[in-house]
Structure formats: C-alpha cells, structure tokens
Amino acid sequence: MKNIYLIITLFIGIQSTLAFDGRVKKSINLDWRFSLDANVNAQDKNFDDSQWRQLNVPHDWSIEGEFLESNASGTSGAFLPGGIGWYRKEINIDKLSKEEEYEIHFDGVYLNSDVWINGHHLGFHPNGYIGFSYNLTEHLVEGKNVIAVKVDHSKLPSGRWYTGSGIYRNVWLERHHKLHVLPNELLITTPEVSNEKAVVNVSTAIKNTWGKKKNIEVNFQIVDPKGKVVGNYDQKLKVVDQNEIQHQLELENPFLWSTDAPNIYYLNIAIKENKQLIDTYSTHFGIRKLDWIPQKGLFLNDQPILLKGLSNHQDAGPVGVAVPEQVLYRRLKMLKDMGCNALRTAHHPFAPEFYTMCDTMGFMVMDEAFDGWWKNKADYDYGIYFEKYWKKDLENFVKRDRNHPSVVIWSIGNEVPKFTNDEQESIVNELKKHDTSRPVTQGRGYLGTHIDLAGFNGHGELKNVIENYHKKDPNKLIIGTEITHTLQTRGVYRTKTWYRTKDNPAPWEKPEHFKRIEPRVYKIKDLSEEEVFTGITSKYQSSYDNSIVRIGVRHEWNRVEALDYYIGNFRWTGFDYLGESFNWPARTANFGIIDLAGFPKDHYYLYQSLWSDVPMVHILPHWSHKGKEGVKIPVVVYTNGDAAELFLNGKSLGKKEMTSERQIVWQVPYTKGKVEAIAYKEGKEWSKQIIQTAEEAYTMKLTSDRKRINADKKDVLHCEINVVDAEGNIVPNAMDEVTIEVSGAGKIIGIENGDILDMSSSKYDLTRKVFNGKCLLIIQSNGKTGDINIKVTSKTLKEADLRIGTHAL
Ligand code: GAL
C-alpha cells in the first residue's frame, strides 16, 4: 500500500506547490480497504479499517462468491451473491490552494452507492451503469482525507443478467483550477463532411467558481491523426459564472473515420489568465458522415455499409464485471478479426474505455441507455428509481458519449413491457436535447412511432415479420437489434436440428411445444437421419449452425443481404455472458459465439466467413471420434471462398461449390487421420486448414498472449491451457483435472474453461477440469518485478510450465 500511497501523495503535493498549469486527473484505483459487512457504519474519517481486506479497484465481489442454488440472484444473476459492501481509501494532500477544486469521478459502481469524504455525505447514486462525480473541495483538509463508499446490492435479482457488485470500474481524482472547462458540456459535431472538406463545430462551457469576474483567453487547437496542428482558434472572454463558447472550424482534406480506417483527431482546449495557463482539457473525436436513407440503407462516408453487429453484456466471464483493459482489448480484437463492425451495449452504458477502444479499433456502437423504464423487469432493477433519476442519468449518458465517433445509434430501451407512445416520445425528446446528430432506436421498440430506426428483437426472427413491417412503414430503416439467437457449446455437436421452445426442451423432448412454433420458424434440415452424437445433456447445444431459436445464422445473413431496408443486425450474443441460464446448475445459456473464457466456437468462423474478406476456411466438427469408425459424420466447411475440396488422409472427397446455405457439407465415414480443406476463389487456392485425430491426452501446452507485462498491478496476460497428445495435437474432448500454481510477479484473477455447467469458483478453485481440451488463466501483475511462473500439474497428464517476464515501471 505504502508505495502507491506515496506516489499519489507526492504527486498531489508537488503539483500544488508549483504554478498551476492545467488540470490533473489521476487514477486512484490502488489500495482501497474493503469489507462485506452489512452491519457496520464506516463513513467516519476515523473509523478503524485496519483489519479490512486491502484491494485494488475495479473490484467485483459477486464473482468472488460461491455459485449457490440458494443465492437470490438465481438464474438471472448466475446464482452468485450480492450483499452490502464498504470501501474506504485515504487520500493525502500536502497543501491546499484556494485556486483549486478537487473532484472524484466514479466510472461505475454497482449499485445504490453512498459516498462520504471525511464523514460528509456527498450523495446517493442508484444507477449501476453510468458514472458520477462529486466536488470534494470544501470538505478537504491538508494531510489525510478519507473517502468512504457504501454499496448496497442486498436486494436481488437487480437485473435480468449478471450484474456484479462493487466499485467495478475506474475511480479518478481530478484537480482543476476554479476557472475551468466543463467536459460534460463539450459537443463536437461535424455537420459537413466530404473527402475535400470538413466543418467542425465545437461548443463548450467555461465555469468560474471564484465568485468574481475573470478575464481569460481560451484556445482551441485541433490536431490531425498524423500529429499535425490543423486548426487553431483564440477567444477572449469575461466569465462571471458560466459562459458558453462556440466556434466553427474548417479542415481541408480531412482523414475520415471509418470502421476500416478509424482516424482520430484531438481537440486541446487551454485557458489562460494573464498569459498564465490555468486549465487544459483534451479529448479525441472523429470526422465521419453517416446517411440513413429510407429504402436504400446505411452509408458511411458515402459507401454502403451493413451493421455486422453483436450484442454483448459487459461481464467478461471469470473476472465478472471488473474487466481489466487488456481483457476487454483481447475480446474486441477477436471480434474485429472476425469481421464484426458493430456492437450493442446490452442493456446499459458500458465503461468509458470501451468507447475509446471502439473509436480507435473501428466499431460502430449502438449505445443503449436502459433495459426497461418505469416498470421494472427484474424484482429490484433500476425501474424502482426510474421516475426520479432517468432524466439526469440519460443526460449524463448522452453527454458522456456524444463525442465518440464510434457511437452511431442511441438506444433508449429494450423490450420495454407495455410502453406507451407518449413514454417513448418523452424519452426520445429528452435525449435529443443533448444530441440530434444520431438516430434513436429501441430494442423491440418498433411499436412506437417516435424512434428513427425500427429495432426488432427475437420477434423479428419469425417468418415475414420484418417484411410485413416494411410494407406498413416503408420509410423506416430496420435493424435486427437482437438477431440472430442461436445456441452452441464449444466442442459439442448434434446432427439433428434443435429449436428452442418454451422451458428449453428439445423438440424430441416436448414435441407438442415445437408444433406451435413450427410454421413460423425458418427450419434447418437435419444433417443426418439418425442422430450421430448421442448421450449429450440437453443443456449443451450443437455447434453446427442447427441449434436455433427461430432462424439460423446463415438464413438470417442471407435476409440482411437481400433486403436494402434491413441494415444489419446485432446478434444475441458475441460472448457467452454470466446469468440468464436455463436453471441450476448452469451459469449461462450459451448464446455466445465465443465462450466465457474467450475461446471461439465454430460459429465464430461461420460469422468470419460471412463478414470478413480475409481468406479463411474452417472445418467442423473436430476429428477425434473414437468408437465411431465407419459412421458417416457430416463434415461442414465455412469459407469466404467460392468452392472447397475436402481430403481424408490425402484422398479427395470432391470439390464442391459454395451453396446458398453458406456452407459446404460432405458425409464422411469416420476413420482416424487427417482432414484437409482447400478453399478456392475464382479458381485459385484461397485458404486451407488441416485437422487431425488426436491420440491419448499426454500433457498440456501453455501459451500466453503476452511475452511480458508491466509490473503495475494492472496489466494482465491470458494463458491458455491446451491438453495435447504426445505429438502436440489438441485433444478436443479432454476433460482432465488440472491444478494451477502461479508464483512470482503475478496473481490469478480468473480461471475459466467455458463449461456452462461447471460451478467452480472462477477465482479460487485451483484444481479443476479443462472443458473439451481447454482452460484459460487470466493473470495480473501483483506489482513485483521479475518473472511470473505458471505451473500446471495433473494426475493424468505430464506437468507443464511457462515463465513470463515483467517490465519494471
Ligand atoms: C431477449 C432479451 C435479452 C435476452 C434474450 C435471451 O428477449 O432482450 O436481454 O434476455 O432475450 O434470449
């Protein structure tokens, strides 16, 4: 604790003795004290917290708890606990100056937080997804100050998904001059954009809390993506309380922002008084042109573009909702590599860093404010507070996100039960007070008339629903805000099609349920007459695109490509997410195309074949089916080529053209060995893949995504454990139990195998099974320098180890 505590002290101390030269925003994530004790009142400055646990935020205490059937969070919250948690942190300030103000910013606390500084109550904030700030100035003293935060997540379920609990996003301490820019009031728009010219409008507010008039000079500077200053503007101002300032700049030959070329500009604002710099504020923005043209579709910088989108919840499997930046980045990078270009924040605002990554990586975001509105959807969700808080929370949300080029659509809700047109209108109007440059939609909100884009959830997967809506309202573009829903479990296959029916039984379990929906679903032909892979629990789903709710991925994408007014969709979901499982004992329902650990399922490659132009081919299923010798196994190939040839042990099984089914299938009598697919495009070899039967599991291969990490208590690496045979082939059905040890400069913050039925602790169960050959470790720097040593032992496998270095700071 001491070191970091000293750094903060020194930093603030030294700065306040120098001439004031701009605002300082410092992370105060490290060294908090924490207690999960509902019976304390720990707000007072002198409360003795020396026996409390010491930890760093972001922190999620729910994911540290046990999965228990009796936990009130139930299926929605993945059976993990809530409770009341207290956090306390010391902040030392050497010297206070009457020129300065201090603010504390919480990016997100789940939920119902009360905050105190030195025993003074600063406020209550119920919303767990949008950040909030408090001005600390009048309660600070020189020397020791104490922030106390009470988080009340005692009433569950508070959401329809896993929410986590605690200070699960970053916390910042900001010091600025009493005369300063108000970042929330900053609005950057680009009303005219072409390759030759862009008009950039900047408006913001300057606040003066001195209580007397000040003469200042404000400078706006625009820096292009190459680092060149391309715009400059100075204005003299007299500020008494608050002044608005606006300026229009013209830029020649701008670098446009797009999903392929996410060019970023910077705006630097500086305020001077008597030539002395007193405040600075910098942010980034993008220059792009979006046209939503009825009947024709969406155009980005005059080029047609489809939303190749995914809905996601914010949790990242084993780390819960306290998601380190590297974990988020790894996830987004996988999606980018798959060809995804759009993301929906289901069903609430995400962490600020998510939007910055989307800006710089090139994703379009459908930014969602709420799930339900006045009527709660889960027993204790935000619906309880909606009436009192929605306007303020909506304003903070829009003002927080409106300068991000990635944000292209606002969503005001999702499957809002029995909403009225007036309710929809009031929310749209309120939102448009703060931004008019983006269209507004709502998940399944097409029943109201005030949204700009008709959003269809699962209902839009039923036959002809979208087409019929278009006939009635031809001028409204349509998005599949939550389409496609399919399910799949990594490494699991069934050759007969499964349709989700009420209560989740398979059609062969409850045929009467299936009969009711049969005429309205887009049916998928069985891949064999008799089921090839029997004896699998019905909680696991097949990874051929044949475990569907109403439409499969392939038919749905054909529909998007065929209908100009249907501008794309946000699949439910990209990643498996905690919660919303089909009952105990399951943690999730397997909607993701990537599992909880971040291992891709076969659907990942299916989407890649539909969405990406980078040459690829993918074979499924795996080729280790001992006991099935001679049985015909459907081998499916996904490719963005136009034909493929399949080989079994070097012998061609034929070259076939890609079909309108967007896959190529061979029926292959099983014999062990090598399966190879060569994809072709326009007659030329395009891509190839070989898979091979694995022999007995022998050892593990450990691989890390980082060669070295920073010794900063923040940086993380992902280490994959792959069970392999003596030749190094991955054993795709291995379920061996392994024991993990990590020592040296790192600590385990998550262990995950992706098995929805594995209720082991993601944090503490160091002995656990791998699932279908794989398990993931997420390891974070513990602040020490030197090596991180990872050792994995097993009673059934030869042990394996890996050493990763750290960079000293
Ligand atoms: C939708 C809902 C999503 C998720 C999904 C699961 O109706 O909007 O949040 O619950 O169903 O199928």
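Residues numbered from 1 in each chain as written. Predicted model: local features only at pLDDT ≥ 70, side-chain atom pairs only at ≥ 80, totals over all residues. Heavy atoms only, no water.

The name given to the chain in an unreviewed UniProt entry is Beta-galactosidase, with Flammeovirga pacifica as the source organism. In its Sequence similarities (unreviewed entry) section, the UniProt record describing the chain reads: "Belongs to the glycosyl hydrolase 2 family." (UniProt positions renumbered as here; feature names shortened; annotations may be inferred.)

A. Spotlight on the UniProt feature "domain: Glycosyl hydrolases family 2 sugar binding" (unreviewed entry) in the chain. Mapped onto the present numbering, the UniProt feature "domain: Glycosyl hydrolases family 2 sugar binding" (unreviewed entry) falls on residues 26-173. Taken end to end, residues 26-173 is 0% helix and 38% strand, and its two terminal C-alpha atoms sit 5 Å from one another. (Helix = DSSP H or I, 4+ residues; strand = E, 2+ residues; numbered from the N terminus.)

B. The arrangement of unusual backbone geometry in detail. At the junction of tryptophan 572 and threonine 573, the peptide bond is cis and its omega measures out at 0 degrees in the coordinates. Secondary-structure assignment places threonine 573 in the loop between β30 (566-572) and α9 (602-611). Cis geometry is adopted by the peptide bond preceding proline 585, which originates at tryptophan 584 and carries an omega value of -5 degrees. Along the chain, proline 585 turns up in the loop between β30 and α9.

C. Here's a closer look at the site of the ligand. Taken together, Arg160, His347, Asn414, Glu415, Asn457, Glu482, His485, Arg500, Trp572, Glu580 and Phe591 are the residues near the ligand. In the environment of the ligand, an oxygen atom lies 2.6 Å from a nitrogen or oxygen atom belonging to the side chain of histidine 347. Between glutamate 482 and the ligand, the recorded distance is 2.9 Å, taken from a side-chain N or O atom to an oxygen atom. Against a free-state accessible area of 310 Å², the protein chains account for coverage of 88% of the ligand. The residue inventory of the shell around the ligand, partitioned by class, reads two nonpolar, four polar and five charged. (Near = heavy atom within 4 Å. Polar contact = N/O pair within 3.5 Å; in protein donor to acceptor, adjacent residues only side chain to side chain. Areas by Shrake-Rupley, 256 points an atom, 1.4 Å probe, with all protein chains shown as cover. Nonpolar A, V, L, I, M, F, W, Y, C, P; charged D, E, K, R; others polar.)

D. Local environment of the pairing of strand β7 (residues 120-125). Note that strand β6 (residues 113-117) and β7 share five bridges and pair antiparallel. Among the inter-strand pairings, aspartate 114 is bridged to a residue of β7, identified as phenylalanine 124. (Pairing = 2+ DSSP bridges.)

E. Here's a closer look at the domain arrangement of the chain. Domain assignment breaks the chain into domain 1 (24-176), domain 2 (182-285), domain 3 (306-611), domain 4 (623-692) and domain 5 (699-807). Its C-alpha centre places domain 4 at a distance of 32 Å from the equivalent point of domain 5. (Domains from an automatic or database assignment.)

F. Representation of the confidence of the model for the chain within the structure. Across the chain, the average pLDDT comes to 95, with 96% of residues at or above 70. This stretch, residues 1-19, has a pLDDT under 50; its non-local contacts, to residues over four places away or in other chains, come to 31 contacts. (pLDDT = per-residue confidence, 0-100. Contact = heavy atoms within 4.5 Å.)

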